Amino acid sequence: MAAKNPMVKNDRLIPVEIAGVTYFMNFSLFATKKLTKLFGKGSALAAIEAGGADALDEKSVDELLEMCAILIQQGAEYRKLVEGEEAPSLTADELGVLADISDLNNLIGKFNEAVSAGSVREIEVKPDRKNGGAAAKA
């Protein structure tokens, strides 16, 4: 188990509460690979883009549960590897048992938030002294 590093920021981990327990979603490279392999541009992603929970059918609900479970599993794995802490995890079936219909929009929102957090990279720009600091003004 890795030692906890206080310098590591958890911007990649998105908390989601399900049945009174906080889980963490992480849109890792492994999650990207697995989601692409399983779903490509699957119906759940299309339904999410089309209008959230109201646009989901039975198949896309199953896909949403699987996609969220993958991100939750990756969040638990990230916490274990980077922070040295055990974190709760769920399978898609367990998530389906614990979540209810009112949780769907929250899951969709947290999924989108995790995807955004996993896709954002911060870039620090330093002034170019040869250029009179023009880069800092950009």
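Residues numbered from 1 in each chain as written. Predicted model: local features only at pLDDT ≥ 70, side-chain atom pairs only at ≥ 80, totals over all residues. Heavy atoms only, no water.

Draft legend 1. View of a negative patch on the surface. A cluster of like negative charges, contributed by Asp57, Glu58, Asp62, Asp93 and Glu94, occupies part of the molecular surface. Only helix H3 (58–83) and helix H4 (92–98) provide two or more residues apiece to the negative patch. Position of glutamate 58 relative to the elements: it lies in helix H3. (Patch = residues over 30% accessible without salt bridge, like charges linked within 9 Å, V, L, I, M, F, W, Y side chains within 5 Å. Areas by Shrake-Rupley, 256 points an atom, 1.4 Å probe, with all protein chains shown as cover. Salt bridge = Lys/Arg side-chain N within 4 Å of Asp/Glu carboxyl O. Lys, Arg positive; Asp, Glu negative; His and termini not counted. Charge placed at Lys NZ, Arg CZ, Asp CG, Glu CD. Helix = DSSP H or I, 4+ residues; strand = E, 2+ residues; numbered from the N terminus.)

Draft legend 2. Looking closely at the confidence of the model for the protein. Model confidence for the protein is summarised by a mean pLDDT of 78, while 67% of its residues fall at 70 or above. Ranking the helices and strands of the protein by mean pLDDT puts H4 first, with 96, and helix H6 (residues 134–137) last, with 52. (pLDDT = per-residue confidence, 0-100.)

Draft legend 3. Layout of the pairing of strand E1 (residues 14–18). A one-sided burial pattern is seen for E1, the buried positions being Ile14, Val16 and Ile18 and the unburied ones Pro15 and Glu17. Sheet topology note: the E1/strand E2 (residues 21–25) ladder contains five bridges and is antiparallel. Note on E2: the bridge partner recorded for isoleucine 14 is methionine 25. Here E1 folds back onto E2 in antiparallel fashion, the turn holding two residues, of which alanine 19 has a positive phi close to 55°. (Buried < 20%, exposed > 50% of the residue type's maximum accessible area, 1.4 Å probe, protein only. Pairing = 2+ DSSP bridges.)

Draft legend 4. Geometry of the nonpolar core. Residues Ile18, Met25, Leu35, Leu71, Leu95 and Leu107 are the most contacted members of the largest nonpolar core, which totals 27 residues. For this core, the secondary structure elements donating two or more residues are E1, E2, helix H1 (29–39), H3, H4 and helix H5 (104–119). Here leucine 35 is in contact with Phe27, Gly40, Met67, Ile70, Leu71 and Phe111, once residues within four sequence places are set aside. (Core = buried A, V, L, I, M, F, W, Y, C linked by side-chain atoms within 4.5 Å. Contact = heavy atoms within 4.5 Å.)

Draft legend 5. The side chain of lysine 110, seen in detail. You can see lysine 110 is positioned in helix H5. Residue classification places lysine 110 among the buried positions, given a relative accessible area of 19%. For lysine 110, the contacting residues outside a window of four places in its chain are Ile14, Pro15, Val16 and Met25.

Draft legend 6. Expanded view of the environment of alanine 76. By the element assignment, alanine 76 lies in helix H3. Among the residues examined, alanine 76 registers a relative accessible area of 11% and is labelled buried. Taking the C-alpha atoms as reference, alanine 76 lies 4.9 Å from alanine 87; in sequence the two are eleven residues apart. With sequence-adjacent residues up to four places away left out, alanine 76 is seen in contact with Phe24, Ala87, Pro88 and Ser89.

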